[in-house]
Amino acid sequence: MIEQYERDQFVNAETGGETRSPSLGRDRGLDVLPKRQSFFWPLSAAVLFLGSLIIFSPLIEGGTTQVPNLVMRLLLLGSALVWAIQQMRVGTIVLTMNHFVPFVALFLGWAGLSVWWAPYKTPSVQSFIGLLMYALLFGVVIQGIKARRQIQHLVVLLVAMGICEGVLGIVQYVWLGVARAKGTFFNPNFFATYEVVALSVVLGLLTGVPRNIMSKWKRAFLWSAGVIMFCAFMVAQSRGALLAFVIAMTFIGCYRFGKVAVVILLVSLVVGAVIPNPLKQRMIDVSAQDPYAFSRIDIWKSSLARVVDRPLGIGLGMYKYTSFQYRFPTESNIVHYEKRAESAHNEYLQMAVELGVGGLLVFLVGIGVWGWEAQKVLRAQLEPWE
């Protein structure tokens, strides 16, 4: 009964809730009617909720301060409560499962266990609540997004927000005299990474959807959006976002064009290193003026030493609270031990320090399973938007 109910739910999502009669499949004239009506589908609750998060999340300091975090967490909890009530009214709880879910549960369990040996419980519990909210958001996606049109709506919103943020960042840099564009974010690095994500989606559509399917005006719109996002990424001048951009372009290029894409990417990087641009100039200025420009290498060495000392981890959210005894000297500065690292500047190292080798392995295996699933999807015969 549960499997049949889930199939009905999926069919309803694809047809906008319409129940087709078997005779419609035999009559082409009648079969056109549901397709015309599908253009006027009402937005599902999941699309409205996720779309609201896409629009709201970057607007207040990039969504990283207390107020937007509180709002988004309350929205997540409210959506989960509404979904549970609806399922209880139906009388059957249907859960969509995939191979990635067990690793999410295992990772959450290990993170929750690490709170037990964390030296400071309150910040560790707060970090664990944050992980639970991410897991809840993941649940909303896999439970609520079941139709191609739902994905299209969310992609359009993400691209639109990327354009808006990009335009604002370019205006800040060109006309308002801001040294590094940051849009509505408080950190230019977060802004640049946001633009790279949106740009990757745009380039994925441009390279993945055949020309005979996408209209000329849609393709022109996506190219314009890509140019805006790339310019915004450049004026944000983020080295970390540059690395993310190179990895994303390598994956998209190799999938679409093969090894030739690697050559094109390398040539583009060389050209970018030769031609004057804001990102290149910042790298030159930082290396010459900032005594902490290359301290990240020392931070990574310090993180590895902490993993060796505590292979089970120091507890979730405890990286900056245990950094004092692992401070390293900055030889070019007058005060050698002035700074302490509040983060590892590498999510994998930070995960290994806080959750230990076991937590990192669970995460990496989960990512491997996700990559395996993604590879199967890429090889499958799907619609271009999928």
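Remember, predicted model here, so these are calculated numbers, not experimental data. (Residues numbered from 1 in each chain as written. Predicted model: local features only at pLDDT ≥ 70, side-chain atom pairs only at ≥ 80, totals over all residues. Heavy atoms only, no water.)

Caption draft 1: Quick peek at helix 4 (residues 66-90). Counted at 1.5 Å a residue, the expected span for helix 4 with its 25 residues is 36 Å, and the 36 Å between its end C-alpha atoms agrees. Inspection of helix 4 places Pro68, Met72, Leu76 and Gln87 among the buried residues, and these make up the whole buried set. Following helix 4 by one or two positions, Gly91 adopts a phi angle in the positive range, close to 95 degrees. (Helix = DSSP H or I, 4+ residues; strand = E, 2+ residues; numbered from the N terminus. Expected span 1.5 Å × (residues − 1). Buried < 20%, exposed > 50% of the residue type's maximum accessible area, 1.4 Å probe, protein only.)

Caption draft 2: Looking closely at the side chain of Ser200. Residue position: Ser200 is located in helix 8 (residues 188-208). Overall, the relative accessible area of 17% leaves Ser200 in the buried class. With sequence-adjacent residues up to four places away left out, Ser200 is seen in contact with Ala248, Met249 and Ile252. (Contact = heavy atoms within 4.5 Å.)

Caption draft 3: Representation of the confidence of the model for the protein. Model confidence for the protein is summarised by a mean pLDDT of 83, while 82% of its residues fall at 70 or above. Counting interchain partners and residues more than four positions distant, the pLDDT-below-50 stretch residues 1-41 has 30 contacts. (pLDDT = per-residue confidence, 0-100.)

Caption draft 4: Region of the structure containing the nonpolar core. Counting residues in each nonpolar core, the largest one holds 46 residues, and the members touching the most others are Val159, Met229, Phe233 and Met249. The set of elements that each furnish at least two residues to this core consists of helix 3 (45-56), helix 4, helix 6 (121-144), helix 7 (148-174), helix 8, helix 9 (216-236) and helix 10 (239-257). Among the elements that line this core, the one with the most residues is helix 8, at ten residues. (Core = buried A, V, L, I, M, F, W, Y, C linked by side-chain atoms within 4.5 Å.)

Caption draft 5: Representation of a nonpolar patch on the surface within the structure. A grouping of Ile55, Leu59, Ile60, Val67, Val71 and Leu75 is seen on the molecular surface, where their side chains present a nonpolar patch of about 450 Å² in accessible area. Of note, Ile55 is situated in helix 3. For Ile55, a relative accessible area of 35% gives the class partly exposed. (Patch = residues over 30% accessible without salt bridge, like charges linked within 9 Å, V, L, I, M, F, W, Y side chains within 5 Å. Areas by Shrake-Rupley, 256 points an atom, 1.4 Å probe, with all protein chains shown as cover. Salt bridge = Lys/Arg side-chain N within 4 Å of Asp/Glu carboxyl O.)

Caption draft 6: Region of interest: helix 14 (residues 347-379). End to end, helix 14 covers just 30 Å across 33 residues, shorter than the expected 48 Å (1.5 Å per residue, more than 12% under). Of all bends in helix 14, the biggest is about 125 degrees, found at Leu355. Two to three positions downstream of the cap, the backbone nitrogen of Tyr348 sits 3.0 Å from a side-chain oxygen, assigning the N-cap of helix 14 to Asn346. (Bend = angle between axes of the 7 residues up to and from the residue. Polar contact = N/O pair within 3.5 Å; in protein donor to acceptor, adjacent residues only side chain to side chain.)

Caption draft 7: Up close: the packing of aromatic side chains. Scanning all chains against the criterion turns up eleven aromatic pairs. A centroid spacing of 6.0 Å and a plane angle of 70 degrees characterise the contact between Trp110 and Trp117, whose relative ring orientation is edge-to-face. Relative accessible area serves as the criterion here: at 23%, Trp110 is assigned to the partly exposed category. Ring centres 6.1 Å apart and planes at 65 degrees place the aromatic pair Tyr348 and Phe363 in the edge-to-face group. Tyr348 gets classed as partly exposed once you look at its relative accessible area, which sits at 45%. A relative accessible area of 25% places Phe363 in the partly exposed class. Every member of this aromatic cluster is reached through a ring pair, and the members are Phe107, Tyr348 and Phe363. Above the face of the Tyr319 ring, Arg306 is positioned so that its terminal group lies 4.0 Å from the ring centre. Residue placement shows Lys376 over the ring face of Trp372; its charged tip is 4.2 Å from the ring centre. (Phe/Tyr/Trp six-rings, centres within 6.5 Å; stacked < 30°, edge-to-face > 60°. Lys NZ or Arg CZ within 6 Å of the ring centre and 35° of its normal.)

Caption draft 8: How the structure looks around the packing of helix 10 against helix 11 (residues 260-274). As a packed pair, helix 10 and helix 11 sit with axes 7 Å apart at the nearest point and diverge in direction by 145 degrees. In the crossing of helix 10 with helix 11, the sense of the turn from one axis to the other is right-handed. Each of Val246, Met249, Thr250, Gly253, Cys254 and Phe257 in helix 10 lies in contact with helix 11, whose residues at this interface are Val260, Ala261, Val262, Leu265 and Leu269. A per-class count over the contact of helix 10 with helix 11 returns nine nonpolar, two polar and no charged. (Axes fitted to C-alpha atoms, helices over the stretch in contact; angles between N-to-C directions. Left-handed = near helix turned anticlockwise from the far one by under 90°. Nonpolar A, V, L, I, M, F, W, Y, C, P; charged D, E, K, R; others polar.)

Caption draft 9: Representation of unusual backbone geometry within the structure. If you check the backbone angles, Glu61 has positive phi at about 55 degrees while not being a glycine. Considering the arrangement of structural elements, one finds Glu61 in the loop between helix 3 and helix 4. At His345, a position not held by glycine, the phi torsion is positive, near 55 degrees. Relative to the helices and strands, His345 resides in the loop between helix 13 (295-309) and helix 14.

Caption draft 10: Molecular detail of the packing of helix 7 against helix 8. With their axes 9 Å apart at the nearest point, helix 7 and helix 8 run at an angle of 130 degrees to one another. What the angle tells us is that helix 7 and helix 8 run oblique. The interaxial crossing formed by helix 7 with helix 8 has left-handed handedness. Between helix 7 and helix 8, the residues in contact are Val155, Leu158, Val159, Met161, Gly162, Glu165, Gly166 and Gly169 and Phe191, Tyr194, Glu195, Ala198, Val201, Val202 and Leu205, respectively. Broken down by class, the residue content of the contact of helix 7 with helix 8 amounts to ten nonpolar, three polar and two charged. (Parallel < 35°, antiparallel > 145°, perpendicular 65-115°, else oblique.)

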